[in-house]
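Take a look at the letters that make up each chain.
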Amino acid sequence: MPNSIVLGTGSYAPERILTNADLERLVATNSDWIISRTGIRERRVAADHEATSDLAAAAARKALDCAGVAPEDVDMIVVGTVTGDTPTPSCAAFVQELLGARNAFCFDVAAACAGSIYGLTIADQFIRSGMVRRALVIGAETLSRFVDWTNRETCVLFGDAAGAILLGATEEEGHGLLAATLRTDGSMTGILGIFGGGSRRPASSEMLLDNGNKIRMRGREVYKVATRLLPDVVAETLAKAGLSPDDVDHVICHQANQRIIESALENLGVPREKCWINIDRYGNTSSASMPISLDEASRAGRLKRGDVIAMMAIGAGMTWGGAVLRW
Ligand SMILES: CC(C)(COP(=O)(O)OP(=O)(O)OC[C@H]1O[C@@H](n2cnc3c(N)ncnc32)[C@H](O)[C@@H]1OP(=O)(O)O)[C@@H](O)C(=O)NCCC(=O)NCCS
């Protein structure tokens with residue numbers, strides 16, 4: 001049975017930088033508060049002409065270049081996103097067109113900040129089944145379009161970006177994706193989400209005036225849940241792969257809050273230095289943050305063949321997961 005290895009990675013962040021000082025001019029906040037509570041110093045904001053598929057395609061092109069694979073040789077494109085260009089068609093279909101990846105079947109995964117770990121696991125299953133040889137897994141978001149810029153509790157947190165991972169089939173055992181765990185607890189749907197604009201509360205002028213199409217979050221609850229669930233899911237996934245936290249060489253994870261990451265690492269028993277952290281530069285880019293981190297760590301020469309990489313992410317739902325990869 002084949003398994004999946006990473007053939008290439010890529011990422012893209014829009015040019016426009018929004019610093020904490022810029023936000024001080026928008027809402028009653030201050031940079032020291034933001035840095036000490038979250039680790040964020042700046043985030044990116046997409047240009048008016050950029051939609052999520054544009055960011056996704058830019059990241060995907062870099063992943064294809066990195067692997068030396070032509071767009072026509074991609075069999076599947078899965079985009080983790082909750083901020084697609086349109087409710088339908090899928091963001092992945094727009095990405096296919098932008099790339100010219102005409103042989104790929106395409107769909108989105110709505111697993112919020114866990115979108116990439118879900119996408120990775122789904123693509124891996126297609127590869128293991130033999131149905132797919134090469135799969136593009138993309139996490140892409142333009143959260144700036146769904147942030148309430150008058151709400152200091154959320155607007156300081158999020159940013160726009162995309163990351164892409166090209167997975168390929170290999171017959172070589174012991175490399176690539178070794179194990180994954182996906183979880184959801186729908187009893188927590190109320191603590192984080194975009195609650196307007198769907199069938200429950202369709203778009204209307206009243207809904208828009210109420211900012212119903214913007215992110216709503218009970219931050220403290222999300223924080224507690226994330227710090228509790230992330231270390232457990234990684235430990236469980238490592239055990240499935242016959243490994244322990246001591247075997248982990250690198251942690252590549254969703255960047256929601258530096259304190260959440262540090263707490264999860266401490267509970268897991270993995271030193272902070274093993275984790276690639278870039279939340280200071282991008283903020284929380286939801287499904288994009290994990291593939292961006294993998295791309296940056298790879299391009300920085302941090303990842304050596306044979307290294308064990310533990311991955312973790314959590315988002316609205318609550319929806320979360322862990323994965324273990326041998327580079
Ligand atoms: C949002 C978050 C940073 C808030 O940090 P916190 O330490 O929990 O802060 P609290 O919510 O307890 O708020 C503390 C105070 O800071 C204030 N505050 C909130 N946002 C602020 C901001 N941007 N600037 C300044 N003060 C702010 C609050 O109003 C509160 O004031 P009060 O004590 O007078 O009521 C934190 O809860 C968090 O990161 N949660 C998880 C968010 C997340 O990861 N979401 C995405 C998951 S994928």
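Computed from a prediction, not measured in an experiment: that's the story for all the values here.

The rules behind each value
- Residues numbered from 1 in each chain as written.
- Predicted model: local features only at pLDDT ≥ 70, side-chain atom pairs only at ≥ 80, totals over all residues.
- Heavy atoms only, no water.
- Near = heavy atom within 4 Å.
- Polar contact = N/O pair within 3.5 Å; in protein donor to acceptor, adjacent residues only side chain to side chain.
- Areas by Shrake-Rupley, 256 points an atom, 1.4 Å probe, with all protein chains shown as cover.
- Helix = DSSP H or I, 4+ residues; strand = E, 2+ residues; numbered from the N terminus.
- Nonpolar A, V, L, I, M, F, W, Y, C, P; charged D, E, K, R; others polar.
- Phe/Tyr/Trp six-rings, centres within 6.5 Å; stacked < 30°, edge-to-face > 60°.
- Buried < 20%, exposed > 50% of the residue type's maximum accessible area, 1.4 Å probe, protein only.
- Pairing = 2+ DSSP bridges.
- Axes fitted to C-alpha atoms, helices over the stretch in contact; angles between N-to-C directions.
- Contact = heavy atoms within 4.5 Å.
- Arc of directions from axis to C-beta.
- Salt bridge = Lys/Arg side-chain N within 4 Å of Asp/Glu carboxyl O.
- Domains from an automatic or database assignment.
- Buried area = accessible area lost by both parts, 1.4 Å probe.
- UniProt positions renumbered as here; feature names shortened; annotations may be inferred.

Draft legend 1. Molecular detail of the site of the ligand. Around the ligand lies a shell of 21 residues, among which Thr29, Arg37, Arg152, Arg220 and Asn257 are the nearest. One nitrogen or oxygen atom from the side chain of Trp33 is found 3.4 Å from an oxygen atom belonging to the ligand. Within the side chain of Arg37, one N or O atom sits 2.7 Å away from an oxygen atom of the ligand. Computed on the free molecule, the ligand has an accessible area of 960 Å², of which 77% lies beneath the protein chains in the complex. For the shell around the ligand, the elements supplying multiple residues, two or more each, are α2 (31–38), α6 (152–155), α8 (219–240) and α9 (258–268). In the shell around the ligand, the residues fall into 10 nonpolar, six polar and five charged.

Draft legend 2. Molecular detail of the packing of aromatic side chains. Summed over all chains, the structure comprises three aromatic pairs. Ring geometry for Phe105 and Phe107: centres 6.4 Å apart, planes at 10°, overall stacked. For Phe105, a relative accessible area of 31% gives the class partly exposed. Clustering of aromatic rings is evident, with ring pairs tying together Phe105, Phe107 and Phe126.

Draft legend 3. Representation of the sheet that holds strand β6 (residues 134–142). Spatially, five strands are ordered β1-β7-β6-β4-β5 in an open sheet, and the strand pairing comes out mixed. The outermost strands of the open sheet, each flanked by one partner alone, are β1 (3–12) and β5 (105–109). Strand-to-strand twist across the sheet, computed as the mean angle between neighbouring axes with direction ignored, equals 20°. Pairing geometry for strand β4 (residues 76–80) and β5, over five bridges, is parallel. What sits directly across from Val78, in β5, is Phe107. The strands touched by helix α3 (residues 52–67) are β1, β6 and β7 (160–170); relative to β1, the strand with the most contacts, the crossing angle is about 125°.

Draft legend 4. The arrangement of α2 in detail. Of all the positions in α2, only Ser31, Ile34 and Thr38 are classed as buried. Across the axial projection of α2, the buried residues extend over an arc of 75°, all falling on one side. The exposed set on the far side of α2, more than 90 degrees from its buried face, consists of Asp32 and Ser36. On its buried side, α2 packs onto α1 (20–24), β3 (42–45), α9 and α10 (279–282). Positive phi shows up at Gly39, right after α2, with a value of about 90°.

Draft legend 5. Structural detail: the side chain of Ser11. Examined against the element boundaries, Ser11 turns out to sit in strand β1. For Ser11, a relative accessible area of 12% gives the class buried. A distance of 2.7 Å separates a polar atom in the side chain of Ser11 from a polar atom in the side chain of Asp295. With near-sequence residues (within four places) excluded, Ser11 lies in contact with Ala59, Lys62, Ala162, Gly163, Ile292 and Asp295.

Draft legend 6. Layout of the pattern of salt bridges. Summed over the entire model, instances satisfying the criterion amount to 12 salt bridges. For Glu296, the salt bridge is made with Arg281, and the minimal N-O distance between the two is 2.8 Å. Remark: Arg281 occurs in helix α10 and Glu296 occurs in helix α11 (residues 289–299); sequence separation between them is 15 residues. Classification of Arg281 as partly exposed rests on a relative accessible area of 30%. With a closest N to O distance of 2.7 Å, Asp295 and Arg299 form a salt bridge. With Asp295 and Arg299 both in helix α11, this residue pair falls four residues apart, about one helical turn. The network of salt bridges with common partners includes Arg201, Glu206 and Asp210.

Draft legend 7. Region of the structure containing the domain arrangement of the chain. Domain annotation of the chain identifies domain 1 (3–174) and domain 2 (177–326). Taken over C-alpha atoms, the centre of domain 1 sits 14 Å from the centre of domain 2. Across the contact, 55 residues belong to domain 1 and 48 residues belong to domain 2. Interface area, domain 1 with domain 2, both sides summed: about 3900 Å², of which 61% is carbon and sulfur. A per-residue breakdown of the area domain 1 buries against domain 2 is headed by Cys113, Ile117 and Tyr118, which together make up 16% of the total.

Draft legend 8. Quick peek at the UniProt feature "active site" (unreviewed entry) in the chain. Listed under "active site" (unreviewed entry) in the UniProt record, and renumbered for this structure, are Cys113, His254 and Asn284. These annotated residues cover 172 residues of sequence, and their C-alpha atoms all fall within 8.7 Å of one another, placing them together at a single site. Accessibility expressed as a relative area gives 11% for Cys113, which makes it buried. Once residues within four sequence positions are removed from consideration, Cys113 is found in contact with His254, Asn284, Ser286, Ser287, Ala313, Ile314 and Gly315. Residue placement: His254 occurs in the loop between β11 (250–253) and α9. By relative accessible area, His254 is classed as buried at 6%. Once residues lying within four places of it in the same chain are set aside, the contact partners of His254 are Cys113, Ile261, Asn284, Ser286, Ser289, Met290, Met312, Ala313 and Ile314. In terms of polar contacts, His254 uses its side chain to reach the side chain of Asn284, at 3.4 Å.

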